[in-house]
Amino acid sequence: MVDILAAPQQGKADSALRTLSGISIAHWVSHFHLLVLPMLFPFLKDKLGVGYVELGFSLTTLAVVSGLTQAPTGYLVDHFGARKILLIGLVLGGCALILLGLHVSYASLIACAVLLGLANSVYHPADYAILAEHMDEARMGRAFSIHTFAGYLGGAVTPAIIAALVIVSGGVGALIASGAIAILVALLLVAIGIPEAGAHKKKPGHENAPKQAVITPALITLTALFMLLSLSVAGINNFGVVALMSGYGTSYSIANVALTAFLGASAAGVLAGGFLADHTERHGYVAAACFAANAAIVLLIALVTLPGWALTATMTAAGFLSGVIAPSRDMLVRNAAPAGAAGRAFGIVSTGFNLGGIVSPLLFGWIMDQSAPHWVFGASVIFMVATVLLSPFTERKPAKAATQP
């Protein structure tokens, strides 16, 4: 009798593990694909005979397309199903890189950037819709943290993978292989049976239920929060090394070690944050507390020229705290999402990340052009303080499930 009762529970756990593994691998691909083109800029510059401004325009195109299509993709996820949209996104991103490899031209590069932007808009709404519907409620925070960690890992290993591919097969081979990875992952998700999710799954007796508004004050506030979160770390990620070198006399090697420590600790913080998110319901206050401490640490970096070991230690602490809040951030969105609209909710708020990604290079680049490297960290502190002030207003209790007929 015990075995009979335990079998369904074991089957459910195995299914959840397969789902989390598959979705996390897909998120790994999304972050990997975002860095493929930048890692191949030296090859593309020589092959196309263009400058870095023209190459940089391709990344701006990718960011703008992704930002404009995040919310509409969320609607597609909820209407047609997250699984279908996720598979389309993987195949689309893979084909974009393969086609660029087969026909390397500047027009193909821009077309590839557009397609990669469309593909990138799929991952957050589709991934989170599937996780929100199929993960155990008691472990939802940890599921979100593993998913986010996989994305961080994808970005971290991209330079090494692309370098190895270029050595083995050249730039064209690296493009084709990078695209083929996404298509293979799509086939893997089909093979392991990733479940469907979305509002298209109608429950008996709910066909005529009134539709709930998706663009709510809570989600608008969370979109602003996501933009502030992006801006608060983008300057450190992208301009931290040059700011430390030009403003503090830090050597190139020490500055890179400090930034690596920041990024690595962020990934570790994400995993720790998953456990924290599962043991608290005050996710907004968790985010506020972490970023208040983070603002104090980054302010110290902005004001004081630290020796190498102290700089690395403070950057490690700052990175860890910035990672801890990621699962709580995702839980805030899940709690604020109307029933059956997780895809749209995550699509809408993820637009904040894209807005931050568009604004931050211009803002922090302008700061460096003004010979004010200390303000790379100073501006980050301002955005962190704004995040602290906004976070408590994002608190929403999760909607209770409707009574089964």
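Figured I'd write up the structure that's included with this text. (Residues numbered from 1 in each chain as written. Predicted model: local features only at pLDDT ≥ 70, side-chain atom pairs only at ≥ 80, totals over all residues. Heavy atoms only, no water.)

A few words now on the environment of Ala345. Residue position: Ala345 is located in helix 11 (residues 342-369). Residues Ala345 and Tyr128, 217 residues apart in the sequence, show an inter-C-alpha distance of 9.5 Å. (Helix = DSSP H or I, 4+ residues; strand = E, 2+ residues; numbered from the N terminus.)

Scanning the entire structure with this criterion turns up two cavities of 30 Å³ or more. Its boundaries defined by the atoms lining it, the largest cavity holds a volume of some 60 Å³. For the largest cavity, the full set of lining residues is Ser30, His33, Leu34, Leu62, Gly93, Leu116, Ala119, Asn120 and Tyr123. Contributions of two or more residues to the lining of the largest cavity are made by helix 1 (2-39) and helix 5 (106-134). Sorting elements by how many residues they give to the lining of the largest cavity places helix 5 first, with four residues. Each residue belonging to the lining of the largest cavity can be placed in one class, and the counts come to five nonpolar, four polar and no charged. There is about 40 Å³ of room inside the second largest cavity. Considering the residues around the second largest cavity, the lining is formed by Leu244, Tyr248, Thr250, Ile301, Val304, Thr305, Leu306 and Leu311. (1 Å grid on protein atoms, 1.4 Å probe; cavity = no way out; pocket = protein on both sides within 12 Å on 5 of 7 lines; lining within 4 Å. Points joined across faces, edges and corners; volume = space filled by probe spheres on them. Nonpolar A, V, L, I, M, F, W, Y, C, P; charged D, E, K, R; others polar.)

On to the packing of aromatic side chains, then. What the rule picks out here adds up to four aromatic pairs. Summarising the aromatic geometry, the rings of Phe226 and Phe353 are spaced 4.8 Å apart at their centres and angled 50 degrees between planes, so their arrangement reads as tilted. Linking Phe226 in helix 7 (residues 217-248) with Phe353 in helix 11, this pair joins segments that are 127 residues apart in sequence. A relative accessible area of 2% places Phe226 in the buried class. Look at Phe353 and you get partly exposed, because its relative accessible area is 22%. (Phe/Tyr/Trp six-rings, centres within 6.5 Å; stacked < 30°, edge-to-face > 60°. Buried < 20%, exposed > 50% of the residue type's maximum accessible area, 1.4 Å probe, protein only.)

Where helix 3 (residues 52-80) meets helix 5, the axes come as close as 7 Å, and the angle between the chain directions of the two elements is 35 degrees. In the crossing of helix 3 with helix 5, the sense of the turn from one axis to the other is right-handed. Residue classes in the contact of helix 3 with helix 5 are distributed as 16 nonpolar, 11 polar and one charged. (Axes fitted to C-alpha atoms, helices over the stretch in contact; angles between N-to-C directions. Left-handed = near helix turned anticlockwise from the far one by under 90°.)

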